[in-house]
Amino acid sequence: MSSTFKSLAGAYRITLEDGSSWEGTLPGTLDTNNIGFPDQCAQSWHPDVDLGNASEANTGLQVEGVITTRFTRKHTYTGKALYERTFSVDEDTRKMLSDRKCRVFLHIERSRLLSVTVDGTVLSPYTPGTLSTKAVYELTDVLRSASSSATKEHSLTLACDNSYPGMPKGAITYSSAATDETQTNWNGFPGDILLETTECTTIRNIRVYPHGKKLTIFVDIDSIEPLETTLTATSEALDERLKSRITLKAGRNTVTLTGTASRASRWDESEGNLHNLEVTLSEGSSKSTSFGIRDFASKDGRLTLNGRNIFLRSESNCAVYPESGYVPMKEAEWEKILRTYASYGVNCVRFHSHCPPEAAFSAADKLGMLIQPELSNWDPKTAFDSPEAAAYYRLELSSILREYANHPSFVMLTLGNELHYSEAAEKTVSELLSLAKETDSTRLYANASNPFYGHNGPSADSDFYTSAVYKGIKMRGTGAKMTGHINQTPPCTTTSYENAVKAMRQDEKNAGMAPKPLFSFEVGQYEVLPDFSEIALFKGISLPENLKNVQKQVQANGFSADWQKRIEASGELALRCYREEVEAALRTSAGDGFSGISLLGLQDFPGQGTALVGMLNSHLLPKPFSFASPERFRAFFAPVTLLAVLDSYTFATGSLIPLKVLAANYGKSPLSGKLTLRLIDANGTVTEALQFDALTAPEGFLTPLTETEIQLKNALPGSYTLELSFAGYSSRYTVWLFEETPAVTASGSNRVSIARTKAQALNLLSEGKRVFLEPEATEANFPKSMETCFSTDFWSVGTFAFQSGYMGILTEPSHPVFRHFPTEYHADWQWWHPTHQGRAFIQPEGFPAIIEALDCYARLRRTSLLSEFTCNGGSLILSGMGLLDKQDSIECRNLLKGILEYMGGDDFSPEKELDKNTLSAIIS
C-alpha cells in the first residue's frame, strides 16, 4: 500500500490560559479566528529602543492610544493555547491497526512550541518540529490500544505556546519568524494538519544530493521488524535504474544509493528543470520526490552556479503579510510572490531571520529562483550563549537541511541576522557550521548575515560573507547616519567597493585562507513617503493605524492637495539611489571578486517605526506610481547590464564627456556585436553618436567594452540622454550640460543686493532693495532647520531618530529661477551640490516655496530651500542651500545665475509680506 493522507482541517475548540474558550478553525491562528486581546504594543521590536520617545522631533510617532510604529494586530495573545477536536479512523484502518498491518502518523506543518495529546496520552515527537519545519508524531500505539474498544472517536489536543519556555525567546521574537513588526508572534497552526496511514515498513524520507553528474541518494526507512528486502530507485534523470538488496534492522534505517545522471537537464537561474525520483521496497512501500541537479559552489572567491560565475540580485523577505500575519503556506501563493520579485529583476530571495515553508521552495524550484533561508535568530548581543539557544538552533538547522534537502533553489543558509556572540559561543557556531557541511555539502553556509555588523569580517569556517561593511570599509552607498558615497561624494559612476574586497583578500592571504565569496547586505533602505491608497486593502488580521495616523497629520498640515506629487518626488529620488547602489556593486565585480547585492528592499516594512522603503507596498503590490514600475527597476537590475563609467553627470557645453563602457554579463552565454553610443536631447534629437564594431563580453564577468570621448560641439545647455546599446541590450543615463558662467561676487548687481546676514539684509530691504539673503548653511544660522543631503531618509526616523528626515525636493520646473538649471519637479543628480549640506528652513504658513524640501512622515514640517517674500520695505529671496559657498560647482553657479536674473527682472514681484519677527524666527 502507499501512504494515504486525511486532513484534520476544520473546527476546533480553542482554550486560552485564562480558561476562556472559543470555537475556531484550523489551519489558522488565534488572529485569523478573532481570538485574543487588544494590541498594546507590549512586544517592542528591540529591547533597547523606546520608539515613542526616540526624539522630541518625532511628534508624529507620539499619539496616545495609537501604535504609530507598526501595524496594529486586531487580536494578540502570548502563552499556551489548546486546540481540541475529535477524529476517527475508518474501519479498514482500525482492522489493520489491530492486525499490526499499518502505522499512523500525524503531520503538523508549522507551529510554535508544540505538544500533542491523543486520547489522553501525551505523545513524544517522531520528528521534532521547529519554527521552520514540520513536526511528526506516531499515533500507532495509542490508536491500536483504542481499536479493540468500541469507540470510533479519538480526542486530539494540540497545544501551541508562543511564549517559548525553554527556548531562546528573545532571539526568536526579535526575528522575522515571530516579531510583531512583520509576521506577528502568532499562535496556532497555519499549515496542513494531516493524518497519514502507511505500511509497517515505510519509507519516511528521500534526500537527493547532486555532485556534478553523480547523485547520492539517502533513503530513510522505518521497519517494525528486521527485514531483508530490495530497494529500487527510478528516475528519468538517472542513466540506469538503481537496485540494491538491503538488510534492515528494526527501527530507523538510512540506506545510501549512488547513481549517474550524465544526460539530465540541469536546474539553473530562471530554469526550473526538475526531475522525479521514485523509491520502492519489494514489500510495496514507495515514495517519490522531485529534485534538481545543479552545482552551487565557491570558486576563486566567486559564487558559481553550474560552473558559471553568478551575480546575486537578492531581495530580503522579512515576512510581511498584513492580511494573514503569517507566511503563505500554499505553492500558488508563493509562485505569485516570486514572480513579482522576478518582475523587478530579482534572482535570489534572502529570508531575513526565518525560513519559509516547503511551498516557497517548491515554487522557487519551478521558477529557477535562488533561496537563502536563515535560522529564526536575531540576537545582536548574546547569540548561542545559552544552552537552550545552542540546543534549539542545532535542532532547527538539522531539521531545515533534512526537510528541504531536495530543493535545488535552496543554495545558501546563515545562522541568523546580525548575530553577535561571545568567544565562548564560537565553539557552538563552529559546531553548527560543521554540522551543516557534514549533513549537506551541496550548499554554502555562513555564521550570520552581517555578523558583528561587519566589524570582524567572516569567520574562518564560513563559506561566504555578506555584510554592509568589511571591518569599517563600506559595501553600500548609504547608512543610518547618511554616510557613504551617495551622500558624501560628488555624483559619478566610478565608485565601487573594491577597497573592501581587496582588504578582505589581503586578510585572507595573510591568514593562509582561500578567498571567500562576498556580497553586500541590506542595500538601499531609501524611504518613500506613504501611499494612503493601501489603507483600503486591509481586510485581515491587522490595522494600518500607523498609516492612518500619518494621513491625519498630512491633512492637518495642509499637504493633502499635492500629496501624490510628494510621493512621486520622493520615489523618483529613491529609484535613482537604488540604481547607483546596484551599479556600484556591479562595478565592484571586476577586481578581486564581488558576488552580488542583497536589497532591503523592494517591499515596504510596516514596523520599526514604519520603514516605507519599497517599490512594493506591504501587500506586495507595485505602488501606483511610475517610479515603482517593475520595468524601470529591472532596467538596471538584470542578468545583463551595460554600465557607463562617468566622472560626473554634469558637463560644460563645448567640452567633452570622457567615459568607459562596461558590460556586466551574468547571463548564460557570451555576447557579441556592435556598441552604439548616442547623446539625445530633450526633444529626441540625436546630437552625437559613436559606434564600435566586433566587441565581445563573455558570460560571468564584467567586461570593458571601450573607453572613449563624446564631443559636445553642437550640444546646447539642457538635459540629455546618454544611450548605450550592445548585443540587444541598452542602458540610458541622464546627463546635464551647463554653460560656463563666472562666480557671483558679493557685490551682487545693479538691481540685486547680496546679504550674508539678517542684519545686513534688513538694512538693504529698508532701502527698498531686492535682496538675495543666503547665510552660511549652518544650524547656528538656521536654528529650526532640517539638514539636507542628496538621498531620501534611510530606513525610518522611527528607528534612527537622529536623522534629519529629508526626503528630497518638490519644485516647479518652469519657474524662472531654473532658466539655466534644467530640472524636473524632483531631485536628480544635478541637485547633489545644491542640496548637499543645506539647511531647509521652516516655511511660514501660507507662503509658497520655490524649492520645497520634503520632510519625513514622522514630522511633516513645511520646509524650504528657496523662498521669496516682501519684507521691511523691500523684496527678498531667502536661500538655505549655501550656493554662494559652493561656486566651484557648475550646477550651483548656474542655479545662482538663474535666481539673480529672476530677481533682477520684471517678473520678480513677491506677493506675501514677511514681518521682521518671522524672519528672525527663521534665521538667527
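The structure under discussion appears in the preceding block.
Note that the structure is a prediction, hence the values are computed from the model and not measured. (Residues numbered from 1 in each chain as written. Predicted model: local features only at pLDDT ≥ 70, side-chain atom pairs only at ≥ 80, totals over all residues. Heavy atoms only, no water.)

A. Highlighting the overall build of the protein. Within the protein, the secondary structure is distributed over 16 helices and 52 strands. Scaling as 2.2 N^0.38, a compact globule of 924 residues should have a C-alpha radius of gyration of about 29 Å, and the protein matches this with 31 Å. For the protein, the C-alpha atoms occupy an extent of roughly 110 × 70 × 50 Å along the three principal directions. Across the protein, the fraction of contacts at a sequence separation of at least 24, relative to all contacts at a separation of at least 6, is 73%. Total accessible area on the protein is roughly 33400 Å²; 48% of this is exposed by carbon and sulfur atoms. Averaging the locations of the 87 positively and 109 negatively charged side chains of the protein gives two centres separated by 3 Å. (Helix = DSSP H or I, 4+ residues; strand = E, 2+ residues; numbered from the N terminus. Rg over C-alpha atoms; globule rule 2.2 N^0.38 Å. Contact = heavy atoms within 4.5 Å. Areas by Shrake-Rupley, 256 points an atom, 1.4 Å probe, with all protein chains shown as cover. Lys, Arg positive; Asp, Glu negative; His and termini not counted. Charge placed at Lys NZ, Arg CZ, Asp CG, Glu CD.)

B. Local environment of the pairing of strand S23 (residues 302–305). Taking every second residue as pointing to the same face, both faces of S23 are buried, with Arg302 and Thr304 on one and Leu303 and Leu305 on the other. Judged from the four bridges that link them, strand S22 (residues 296–299) and S23 form a sheet pairing that is antiparallel. Note that in S23 the partner of Ala297 across the bridge is Thr304. Hairpin connection from S22 to S23: two residues lie between these consecutive antiparallel strands, with Asp300 at a positive phi of about 55°. Two elements, S23 and strand S24 (residues 308–309), share two bridges in a ladder whose sense is antiparallel. Pairing of Leu305 across the sheet is with Arg308, part of S24. Once S23 ends, the chain turns through two residues before running back antiparallel as S24, passing Asn306 with a positive phi of about 55°. (Buried < 20%, exposed > 50% of the residue type's maximum accessible area, 1.4 Å probe, protein only. Pairing = 2+ DSSP bridges.)

C. Structural detail: the pairing of strand S26 (residues 348–351). Across the two faces of S26 the burial is the same, with Cys348 and Arg350 and Val349 and Phe351 all buried. Pairing of strand S25 (residues 312–317) with S26, which is carried by four bridges, proceeds in the parallel orientation. Looking at the pairing, Ser314 lines up with Cys348 of S26. For the crossover from S25 across helix H4 (residues 331–343) to S26, the handedness is right-handed. Note that S26 and strand S27 (residues 370–372) share three bridges and pair parallel. (Right-handed = clockwise from strand over helix to strand, strands pointing away.)

D. Examining the nonpolar core more closely. Ranked by size, the top nonpolar core spans 191 residues in total, and within it Phe384, Leu415, Phe633 and Phe772 carry the most contacts. If one sorts the elements of this core by residue count, helix H11 (residues 563–588) sits on top with twelve residues. Among the nonpolar cores identified, the runner-up in size contains 32 residues, and Tyr12, Tyr77, Cys102 and Cys160 belong to it. (Core = buried A, V, L, I, M, F, W, Y, C linked by side-chain atoms within 4.5 Å.)

E. Quick peek at empty space enclosed by the protein. Per the stated rule, a full pass over the model turns up eight cavities of 30 Å³ or more. Here the lining of the largest cavity is built from residues that sort into six nonpolar, five polar and four charged. (1 Å grid on protein atoms, 1.4 Å probe; cavity = no way out; pocket = protein on both sides within 12 Å on 5 of 7 lines; lining within 4 Å. Points joined across faces, edges and corners; volume = space filled by probe spheres on them. Nonpolar A, V, L, I, M, F, W, Y, C, P; charged D, E, K, R; others polar.)

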